[in-house]
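Here are the chains, one letter per residue:
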Amino acid sequence: MAGLMRQALHSVRGAVKQLVVGHHRRSRVVLFSDTTLRDGEQMPGATLEPEEKLRIALALEAAGVHSLDAGFPASSPADVLAIQKMVGRVKRPVLTALCRTVKGDVDAAEQALAGNPVHKRGVSLFVGTSPLHRQHKLQKTEAEILKLIAETVSYAAERFAIVAFSPEDASRTEVPFLCECYRQAITAGATTIGFPDTVGILTPEKAAEFIRRIQDGVPNIERALLAVHFHNDLGLAVANTLACIAEGANVVQCTVGGIGERAGNASLEEVAMALALHQDQYGRAGKIDTTKLAPLCELVSELTGIAISPMKPISGANIFATEAGIHQDGLLKNPDTYLPYRPEKVGAAGIRLVLGRHSGRRAVAHRLKEIGVADPTEAQIAAVLDGIKRLPKGAAIDDATLRGLLESDSSSAESSADTIPTSVSRVAV
Ligand code: KIV
Ligand code: ZN
């Protein structure tokens, strides 16, 4: 009797899982799975304290991510602590814990995630599948790897409703074997199968080809979601992620700022913005609130101590700044002339017109008005611009410098490097 009850419960749970997977597949929404707190933190120097991870997790929740790779409980007590802090506090995203194909890892994940609702906790299992990993790292045959997958995924599926399985180094694994790994993982109860390009070796065309071959070669693929995970060793992680979205991948794994192993991971903010701006192309949407992106990047940078490059798309200091006269003139006439999207779309502070050797009359006039020169004459503007262009490399062009240039001829103007480093205009949009 008890056996029958258990069997009935198992079938009901299986049916519910299939309903959820089916719903996500049909909806065609691109689900964002953030791995900043796990793969991102693997970046040398990016260590985060549990309390800091909680702050980032809450910000990711506010930005609308679907799931969070919250840590690797078997790897460190700090990861367990961080996950426990998130349980009950981070409510909307599914919290997942990374596990090797080792039953003890699944047990550690179960303990760390205890208390989170069944539909908001999961495990993400991985094992190396490429010839390199099989022969040199694991010393296991294909048959042994398949057995390991079947046994540990089914062990996980008895304990979790949400189970992801990823063949590590998938992009260097033979496609027929890769498909067999996925087939067996799904049979054993995996609800998501992941495609990690562990060493970031693929191009968009090859990544798309993999996705097509997996969709064609895994007979039970409708029973699981397909997730993609790209590293950025060729600077192609975002492009590869987008190529797989175009091919129908359901889940994209990314990190904020693209931080992660070696050259990092696909940058969440770049994928989210590309998707938001090109829905006509992809015919699919994500659920990320793009206005949260720049502050999210700043938070992750502040807490990890990993500086944001000035040129970093979405969040870099120069993304809405220009020193070039033609661009400054255009931006003052209409911000869209030289921007792909407005700062408020990503929650950034605003446009900055930086005065320098490449600036033009209009930006100088604009700044002079901002610093209180009500109606600068053409001669004043020309004198200031001429003075700016004569200043030595590295000289600070701050408001005092501008006033100095106004009051004297340009050759006598001095820069005061110990005050505000640049004279910067804001453009109202
Ligand atoms: O890049 C990778 O292969 C990973 C695995 C743990 C999925 O991060
Ligand atoms: Zn990775």
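Notes on the structure follow. Treat the numbers as computed from the prediction; the structure is a model and nothing was measured.

Examining the coordination of the zinc ion (ligand 2)
Looking at the zinc ion (ligand 2), the protein donor atoms are Asp39 (OD), His229 (NE2) and His231 (NE2), and they sit 2.0 to 2.1 Å from it. Along the chain, the residues donating to the zinc ion (ligand 2) are arranged with the sequence spacing D-x189-H-x1-H. Across the pair, histidine 231 and histidine 229 agree in class, each one buried.

Describing the environment of glycine 316
Topologically, glycine 316 is positioned in the loop between helix 13 (293–304) and strand 9 (321–322). For glycine 316, a relative accessible area of 8% puts it in the buried group. Contacts of glycine 316, omitting those with residues within four sequence positions, involve Ile308, Ser309 and Pro310.

As for the pattern of salt bridges
This model, assessed by the stated rule, comprises 27 salt bridges. Notably, a salt bridge pairs lysine 53 with glutamate 41, separated by 2.9 Å at the nearest N-O pair. Note that lysine 53 is positioned in helix 3 (residues 50–63) and glutamate 41 in the loop between helix 2 (36–40) and helix 3, a separation of twelve residues in sequence. Both residues of the pair, lysine 53 and glutamate 41, belong to the buried class. Across the salt bridge formed by lysine 292 and aspartate 289, the nearest N and O atoms sit 3.0 Å from each other. Through salt bridges with shared partners, a single network forms among Arg38, Asp39 and Asp69.

Describing the site of ligand 1
Within the structure, ligand 1 sits among Arg38, Asp39, Phe126, Glu168, Pro196, Thr198, His229 and His231. Separating an oxygen atom of ligand 1 from a side-chain N or O atom of aspartate 39 is a distance of 3.1 Å. Within the complex, the protein chains bury 92% of what would otherwise be the 260 Å² of accessible surface of ligand 1. Along the lines of polarity and charge, the residues of the shell around ligand 1 split into two nonpolar, three polar and three charged.

So, a nonpolar patch on the surface
On the surface, a nonpolar cluster with roughly 360 Å² of combined accessible area is contributed by Val12, Val16, Leu19 and Val20. Relative to the helices and strands, valine 16 resides in helix 1 (residues 2–27).

Remarks on the side chain of threonine 96
Position of threonine 96 relative to the elements: it lies in strand 3 (residues 94–100). When sequence neighbours within four positions are dropped, the list of residues in contact with threonine 96 reads Leu68, Asp69, Ala70, Gly71 and Gly122.

Considerations on the nonpolar core
Grouped together as the largest cluster of nonpolar side chains are 113 residues, with contacts concentrated most on Phe32, Met86, Val153, Phe165, Phe195 and Val271. Among the elements that line this core, the one with the most residues is helix 8 (residues 175–187), at eight residues. Filtering out sequence-adjacent residues up to four positions away, valine 271 remains in contact with Phe32, Val238, Thr241, Leu242, Ile245, Val252, Cys254 and Ala266.

Brief notes about the state of the cysteines
Applying the stated criterion across every chain yields a total of zero disulfides. With no disulfide partner, cysteine 179 has as its closest neighbouring cysteine sulfur the one in cysteine 181, 9.0 Å distant. Given a relative accessible area of 0%, cysteine 181 falls into the buried group.

Here's the deal with the side chain of threonine 173
Turning to its location among the elements, threonine 173 is positioned in the loop between strand 5 (162–168) and helix 8. A polar contact of 2.9 Å, which involves the side chain of threonine 173, links it to the side chain of threonine 129. A distance of 2.9 Å separates a polar side-chain atom of threonine 173 from the backbone oxygen of aspartate 169. Those residues within four positions of threonine 173 in sequence are excluded, and the remaining contacts are Thr129, Ser130, Pro131, Glu168, Leu178 and Phe210.

What counts and what doesn't
The residue count restarts for each chain, going from 1 along the sequence in the order it is written. Chains and ligands are labelled sequentially in the order written, the chains with letters from A and the ligands with numbers from 1. Local features in a predicted model are, by the rule used here, given only for residues with pLDDT of at least 70; side-chain atom pairs are given and counted only at 80 or more, and totals for whole chains, interfaces and linings are based on all residues. Each side-chain value is derived from all of the structure's non-hydrogen atoms; neither hydrogens nor water enter the calculation. Distances decide who is a donor: an N, O or S atom must be within 2.8 Å of the metal, or within 3.2 Å for Na, K and Ca. Water is not included, so sites may look incomplete. Think of it in three bands: with a 1.4 Å probe and only protein chains considered, a residue is buried below 20% of the maximum accessible area for its type, exposed above 50%, and partly exposed in between. Strands here mean DSSP runs of E at least two residues long; helices mean DSSP runs of H or I at least four residues long; both are numbered from the N terminus. Contact between two residues is taken to exist if any of their heavy atoms lie within 4.5 Å; hydrogens are not considered. The salt bridge definition used is simple: a Lys or Arg side-chain nitrogen within 4 Å of an Asp or Glu carboxyl oxygen. Residues are labelled near a given molecule or strand when at least one of their non-hydrogen atoms is within 4 Å of it. Within 3.5 Å is the distance limit for a polar contact, defined as a pair of N or O atoms, with the added protein rule that one can donate a hydrogen and the other accept it, and that residues adjacent in sequence qualify only through two side-chain atoms. Per-residue and other accessible areas were derived by the Shrake-Rupley procedure at a 1.4 Å probe size, with only the shown protein chains allowed to occlude residues. When residues are grouped by polarity, Ala, Val, Leu, Ile, Met, Phe, Trp, Tyr, Cys and Pro land in nonpolar, Asp, Glu, Lys and Arg in charged, and all others, Gly among them, in polar. Here, patches come from residues exposed beyond 30% relative accessible area and free of salt bridges, joined within 9 Å for like charges and within 5 Å for nonpolar side chains (Val, Leu, Ile, Met, Phe, Trp, Tyr). To form a nonpolar core, buried Ala, Val, Leu, Ile, Met, Phe, Trp, Tyr and Cys residues must be joined to one another through side-chain atoms within 4.5 Å. For this text, the term disulfide refers to a pair of cysteine sulfurs within 2.5 Å.

So yeah, pure geometry; function would need other evidence.
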